[in-house]
Amino acid sequence: MDRQRRAGFLFVLPAVIFFSFVFLVPLAQSVVGSFYRTVPGGSSQFVGLRLYQRVLTDSIFWTSVRNTVHLLLMSVPTTVILALAVALGLNRVMTLRWRNVWAAMYFLPFSASLVAAALIWQWIYDPVYGFLNYLLSMVGIPPQKWLQSLTQVRPSLAMVNVWVRIGFDTMIFLAALQSIPGEYFEAADMDGANAFHRLRYIILPLLNPQILMVCILELIFNFKIFDQVYATTQGGPASASQTVIMLLYDTAFKFFRLGDASVMAVFVFVTLLVVTLVQWRLFRKPVEY
Amino acid sequence: MCVACGALTVFFPFFWMAITSLKTAPEIQRVPLQIFPDSWSHWENYRDVFTKQPFWRYLFNSALIASTAAVSSLVVSSLAGYGFAKFRFPGRDVFFFGIIGILMVPFQSVVVPLYMWVNRLGLLDTYPGIVAPDLVSVFGIFLMRQAIEVIPNDYIDAARIDGCSEPQIFFRVILPSVKPAMATLLIIKFMWNWNELFWPLIVVNSPQMRVVTMGLISFTNMYFIEYNLLTAAAVISVLPILIIFLALQKWVVQAVVMSGLKG
């Protein structure tokens, strides 16, 4: 018995050591680092909450928070609703072969890097030579500036996120839909339920856990948006697409204000933790088959 | 019907990428826009990608880093998965939920101290430095634990009675029964790391250490972006993953659904 205990411990040891050094220790250091100011020359000085005061009263910081929230308020509901619709549609495609073909097409963007995705879209959005303005010109709408416009840059980036993520969410919904026992629908049919009734009283309640989970995952994904912005607008024009992680990156690795960056790191960690916990608390309903 | 139209719309950017990569610079600047290239035999862009940038090197770097990360997390995850699934020892649940809890820590929250560590160890701009944070994956541990848990305990006990040592059981009984999970983990981890940008951007300084995502961005550092080149480079960078994905679609989808369920 003792031999087995030791063996079990040794099996998990490499993983435990790795995660301690790569996540736990740095997380603690981020928290500690947010209370210290690094003075030129390398020594650091305890300053209490002064860095928090500085970052949390900085208008650029709040601009980036606002931009990020605005972006995710556009992309998260769009992605989730579209993915649900696509999953319901795919579920009704009777031939397995075609269902797999269409599903694969929705899922393809997920396999491209965010950088490639954003750059392809930047080309489609191009104000002069882009395909999107070409489409608009055919129905008589004047060319738009998309990523170069103060008001359109965030919706345009949100669109890229929807494109990248829709397949992932669809797969999760489709897997859940296919695990709903067929008798439920048969019973509903006998009671004279129409398509809306089926959606409202069977599908949505049973998919509740998946919908909640997908919402949380999308929220986290969109809140951490970086690659797409870095590859295309770099936060511009005029900070209209400056996001929280972009600002964190610039603060730490462009301006080397590591203390300020640590405050942002703690902010990101706490925000995502709180959002996740609140969503679990508020919306978690048990599902029984 | 709607499903098919939607699928084609979602597919369109890929189509546009491939079409653009076959056009010449004057062709992509034509107004009004012309959908198809004048000739289908213009493959110069694919040559120029490699002459204007050390793109082979970028591909090599990404392949090296992604496969190292995939293999390393496979090894560590299957060890840990076995430990968590089939052994009882003090602190097991604390460790397991501790590791699962790491999913709640965004990588961006630990990146500054990690950078300082890598700097102190002299690993900036080196392969070990780039790959370090990706050597183990929480998802991998979760996946392997789930897969190993369903192996009947009788098999393990029988092997033990036959006098197998713990490592022997691991290699001869456990690993052969979880091959699909192992393949899935390899594929998905490779895909994730091939597509990664954030961490390489931080630790890489010199052009020859760039990974492929950084290579793509380096095509945009010009006044006029040569989208015909950029899309050719994008095709080259996306294609390996796309092929793996299409060939092993069933497994990848399963893994992705599972990685979604990990939370």
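Going by the structure above, here's the rest.
Residues numbered from 1 in each chain as written. Chains lettered and ligands numbered in written order. Predicted model: local features only at pLDDT ≥ 70, side-chain atom pairs only at ≥ 80, totals over all residues.

(A) Representation of the overall build of chain A. Summing up its helical and strand segments, chain A has 12 helices and 2 strands in all. Counting helices and strands in the order they occur from the N terminus, chain A gives α-β-β-α-α-α-α-α-α-α-α-α-α-α. For the C-alpha atoms alone, the extent of chain A along its principal axes is close to 75 × 75 × 30 Å. Across the 289 residues of chain A, 42% fall into the buried class. If you take every contact in chain A between residues at least 6 apart in sequence, the share linking residues at least 24 apart comes to 68%. (Helix = DSSP H or I, 4+ residues; strand = E, 2+ residues; numbered from the N terminus. Buried ≥ 20, exposed ≤ 12 C-beta atoms within 10 Å, placed from the backbone. Contact = placed C-beta atoms within 7 Å.)

(B) Seen up close, the interface of chain A and chain B. Contact residues are listed per partner, giving 70 residues for chain A and 68 residues for chain B. When residues in the side of chain A that touches chain B are grouped by element, the largest group, 19 residues, is from helix α1 (residues 2-33) of chain A. Grouping the amino acids of the side of chain A that touches chain B by side-chain chemistry returns 57 nonpolar, 10 polar and 3 charged. (Nonpolar A, V, L, I, M, F, W, Y, C, P; charged D, E, K, R; others polar.)

(C) Representation of the nonpolar core in the model. Among the nonpolar cores identified, the biggest contains 153 residues, and A15, A117 and L119 of chain A together with A234 of chain B are the most heavily contacted of them. In terms of residue count, helix α7 (residues 153-178) of chain A provides more of this core than any other element does, 14 residues in total. Apart from residues lying up to four places away in sequence, A117 of chain A is in contact with P109, A112, V160, W163, V164 and Q228 of chain A. (Core = buried A, V, L, I, M, F, W, Y, C linked by C-beta atoms within 7 Å.)

(D) Seen up close, the packing of α1 of chain A against helix α6 (residues 111-120) of chain B. Running from N to C, α1 of chain A and α6 of chain B cross one another at 110 degrees; their axes reach a closest spacing of 7 Å. With respect to α6 of chain B, the element α1 of chain A is oriented roughly perpendicular. Judged by residue contacts, V22, P26, Q29, S30 and G33 of chain A of α1 of chain A engage V112, P113 and L114 of chain B from α6 of chain B. Considered class by class, the residues forming the contact of α1 of chain A with α6 of chain B number 5 nonpolar, 3 polar and no charged. (Axes fitted to C-alpha atoms, helices over the stretch in contact; angles between N-to-C directions. Parallel < 35°, antiparallel > 145°, perpendicular 65-115°, else oblique.)

(E) View of the environment of F171 of chain B. Relative to the helices and strands, F171 of chain B resides in helix α10 (residues 166-177). Sequence separation between F171 of chain B and V256 of chain B is 85 residues, and the spatial gap between their C-alpha atoms is 26 Å.

(F) Inspection of unusual backbone geometry at higher detail. The omega angle of the peptide bond from G236 of chain A to P237 of chain A is -10 degrees, so this bond is cis rather than trans. In this structure, P237 of chain A sits in the loop between α10 (227-231) and α11 (244-253). The amide bond that connects V31 of chain B to the next residue, P32 of chain B, takes the cis arrangement and shows omega of -5 degrees. By the element assignment, P32 of chain B lies in the loop between α2 (25-28) and α3 (44-52). Phi is positive for S239 of chain A, which is not a glycine, with a value near 60 degrees.

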